[in-house]
Amino acid sequence: MSGKSLKPASVTAHAAGAHGAGGAVVPGVNVSTTYRRDASYELMAPGTYGRDHNDTVTAAEEVLRQLEGAAATRLFPSGMAAAAAVFRTLPAGARVVLQSGIYYGVTSFARNFCVRRGITLDEVDAADPALIAAALGTPADLVWIEVPSNPWMKLADIAAVARLAHGAGALLAVDGTAATPVLTRVLELGADISMHSATKAINGHTDVLAGVLSCRDADSAAWAAICADRVEAGAIIGPFEAWLLMRGMRTLPLRLERMCANAQRLAEWLAAHDAVEAVWYPGLPGHPGHDLAVRQMQGGAGYLMSVLVRGGAAEALAAVGRLQLIERATSLGGIETLVEHRATIEPQSGIPENLLRLSVGIEDADDLIADLDQALAG
Ligand code: PLP
């Protein structure tokens, strides 16, 4: 069967049809950094060198390409390397419209990069239709949004932003890390570039750094520039990481099913808890982006939420300190539930001092609730 007709769980379980040499069911790791030429000096492999070609990387890219419904996909050694590759395609003097309140690493990179390159950077709340429409009333080159946004958990309407971006002459790039291509296929909603930190749920086992870009139009100038930049600037993921990623992805839809179900249950339970002021999770009917989540996310509202503990930083940190099963660590999307006090990481960013970001894993939901219950009880 062709990849196009297969559902995500079948694509990933079979690693998009990748096999190893000699009848092996599972592909091996191709570690060679260079490729031979035959006696007539013809290349014996699709590439010349490890910076432009590696079979293991290509096989992992094919899984993601099929999941995204993309024309082409490229892996990078981290999510930030993937994001940087998009920004590096911009000419000096360009204009970027960046969603405000997104992953601070992207914001910080974009701010520094745009200053150095003489690029105008306008930060706007892309989840507010009037604000994004106003920002795109003037021409732009790139619009960058993150859906859902981390840790504010806002949802921009990807199809609407794509129309506005294209009207302004800009490409739309969407960071869908907190959704993954299993929950939201951003290219089908009109985005030009899909970006994910594959370090998160795509790999899912908290043991690989990786990033990925996919495109709707493989013949576009922007995609050609991204691909050339990856080879020339050398932002290449190693074959071992690509192989681990492919193994992690075999269970991606299965993991997400459990993570989303756990997250929904935890969000509902936390929202009803006396020690909790608010829960920001798009799966809750009271969330401002709930209707959009129902339309834009298939199979669940994701694994990420922000929990505002009643009180301030002291109360939030005290609760976190009492957790016994849930790990206190940065990052998200792994099989283990992690909690982070974001204001400690991003002081002066306006993130509430009582906000705890929870990345929900695949544990038994009863155990997670029991841990949170004893931690919130004090
Ligand atoms: N985008 C989002 C939404 C993230 O949460 C992160 C990392 O936390 C990144 C991008 C950067 O990815 P990486 O850490 O793989 O470079």
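Here the structure is a predicted model, which is why all the values come from computation and not from measurement.

Participant: With reference to specific residues and values, describe the overall build of the protein.
Facilitator: Along the protein, the regular secondary structure elements total 14 helices and twelve strands. Taken against the 2.2 N^0.38 rule, which gives 21 Å for 378 residues, the C-alpha radius of gyration of the protein at 21 Å falls within 12% of a compact globule. Projected onto its principal axes, the C-alpha coordinates of the protein cover approximately 75 × 50 × 35 Å. Contacts in the protein between residues at least 24 apart in sequence constitute 71% of all its contacts with a sequence separation of at least 6.

Participant: Give me the lowdown on helix α14 (residues 365-377), citing residues and values where you can.
Facilitator: The first and last C-alpha atoms of α14 sit 18 Å apart over 13 residues, in line with the 18 Å expected at 1.5 Å per residue. Considered for burial, the residues of α14 that qualify are A365, L368, I369, D371, L372, A375 and L376. Mapping the buried residues of α14 onto a view down its axis gives an arc of 160 degrees, with all of them on the same face. Those residues of α14 that are buried are in contact with α10 (252-271), β8 (276-280), β9 (304-309), α12 (313-322) and β12 (355-359). Structurally, the start of α14 carries an N-cap: the backbone nitrogen of D366 is 2.8 Å from a side-chain oxygen of D364.

Participant: Could you give me a rundown of the site of the ligand, with the residues and numbers involved?
Facilitator: Near the ligand you find 14 residues, and of these G79, M80, D175, S197 and T199 are the closest. In the environment of the ligand, an oxygen atom lies 3.1 Å from a nitrogen or oxygen atom belonging to the side chain of N150. In isolation the ligand offers 390 Å² of accessible surface; the protein chains occlude 92% of this area. Among the secondary structure elements, those contributing two or more residues to the shell around the ligand are α3 (79-87) and β6 (193-197). Within the shell around the ligand, the residues separate by chemical class into five nonpolar, six polar and three charged.

Participant: Describe in detail the domain arrangement of the protein, supporting the description with residues and values.
Facilitator: The domain boundaries assigned to the protein delineate domain 1 (3-249) and domain 2 (252-377). The distance between the C-alpha centroids of domain 1 and domain 2 comes to 26 Å. With 33 residues of domain 1 at the contact, the number on the domain 2 side is 37 residues. Of the roughly 2700 Å² buried between domain 1 and domain 2, counting both surfaces, carbon and sulfur atoms make up 64%. Run the count over domain 1 and domain 2 and you get zero salt bridges. At the junction of domain 1 with domain 2, the criterion picks out 16 residue pairs in polar contact (both at pLDDT 80 or more). For the side of domain 1 that touches domain 2, the elements supplying multiple residues, two or more each, are α1 (8-13), α6 (158-167), α7 (180-183) and α9 (239-249). By residue class, the composition of the side of domain 1 that touches domain 2 is 21 nonpolar, ten polar and two charged.

Participant: I'd like a rundown of the environment of G28, residues and numbers included.
Facilitator: By the secondary structure assignment, G28 is in the loop between α1 and α2 (55-68). With near-sequence residues (within four places) excluded, G28 lies in contact with G20, T56 and W243.

Participant: So what's going on with the side chain of T107? Residues and values would help.
Facilitator: Summarising the element assignment, T107 is placed in helix α4 (residues 104-117). Overall, the relative accessible area of 8% leaves T107 in the buried class. Apart from the residues within four sequence positions on either side, T107 is in contact with L98, I102 and E123.

Participant: Account for the sheet that holds strand β11 (residues 338-341), with residues named and values stated.
Facilitator: Across the sheet, five strands lie side by side as β8-β9-β12-β11-β10; this open sheet has mixed pairing. Each having just a single partner strand, β8 and β10 (327-328) make up the two edges of the open sheet. Alignment of β9 against β12, held across five bridges, turns out to be antiparallel. Across the sheet, the residue bridging to L308 is L355, located in β12. Each of β9, β10, β11 and β12 touches α12; the most contacted strand, β11, lies at about 155 degrees to it.

Participant: How would you sum up unusual backbone geometry? Please name residues and give values.
Facilitator: Glycine aside, negative phi is the norm for most residues, and most peptide bonds take the trans geometry. Here V147 and P148 are connected by a cis peptide whose omega angle stands at -10 degrees. Within the secondary structure, P148 sits in the loop between β4 (142-146) and α6. Of note, the bond from N150 into P151 is cis; its omega dihedral lies within 30 degrees of zero at 10 degrees. Positive phi, normally seen in glycine, also occurs at A15, with a value near 45 degrees. Counting through the fold element by element, A15 comes out in the loop between α1 and α2. With a phi close to 70 degrees, T180 is a non-glycine residue in the positive phi region.

Participant: Could you give an account of the pattern of salt bridges, with specific residues and numbers?
Facilitator: Taken as a whole and judged by the stated rule, the model has twelve salt bridges. For D125, the salt bridge goes to K154, with nearest N and O atoms at 2.8 Å. Taken together, the residues D125 in the loop between β3 (120-124) and α5 (129-135) and K154 in the loop between β4 and α6 connect sequence positions 29 residues apart. You can call D125 buried: its relative accessible area is 17%. On the accessibility criterion, K154 (32% relative accessible area) is partly exposed. Two residues, D366 and R265, come together in a salt bridge whose shortest N-O distance is 2.7 Å. Of this pair, D366 sits in helix α14 while R265 is found in helix α10, placing the two residues 101 residues apart along the sequence. Classification of D366 by relative accessible area gives partly exposed; the value is 45%. In this structure R265 comes out as partly exposed when scored by relative accessible area, which is 39%. Among the ionic contacts, a cluster of salt bridges with common partners joins E340, R342, E346 and R357.

Calculation rules
Residues numbered from 1 in each chain as written. Predicted model: local features only at pLDDT ≥ 70, side-chain atom pairs only at ≥ 80, totals over all residues. Heavy atoms only, no water. Helix = DSSP H or I, 4+ residues; strand = E, 2+ residues; numbered from the N terminus. Rg over C-alpha atoms; globule rule 2.2 N^0.38 Å. Contact = heavy atoms within 4.5 Å. Expected span 1.5 Å × (residues − 1). Buried < 20%, exposed > 50% of the residue type's maximum accessible area, 1.4 Å probe, protein only. Arc of directions from axis to C-beta. Polar contact = N/O pair within 3.5 Å; in protein donor to acceptor, adjacent residues only side chain to side chain. Near = heavy atom within 4 Å. Areas by Shrake-Rupley, 256 points an atom, 1.4 Å probe, with all protein chains shown as cover. Nonpolar A, V, L, I, M, F, W, Y, C, P; charged D, E, K, R; others polar. Domains from an automatic or database assignment. Buried area = accessible area lost by both parts, 1.4 Å probe. Salt bridge = Lys/Arg side-chain N within 4 Å of Asp/Glu carboxyl O. Pairing = 2+ DSSP bridges. Axes fitted to C-alpha atoms, helices over the stretch in contact; angles between N-to-C directions.

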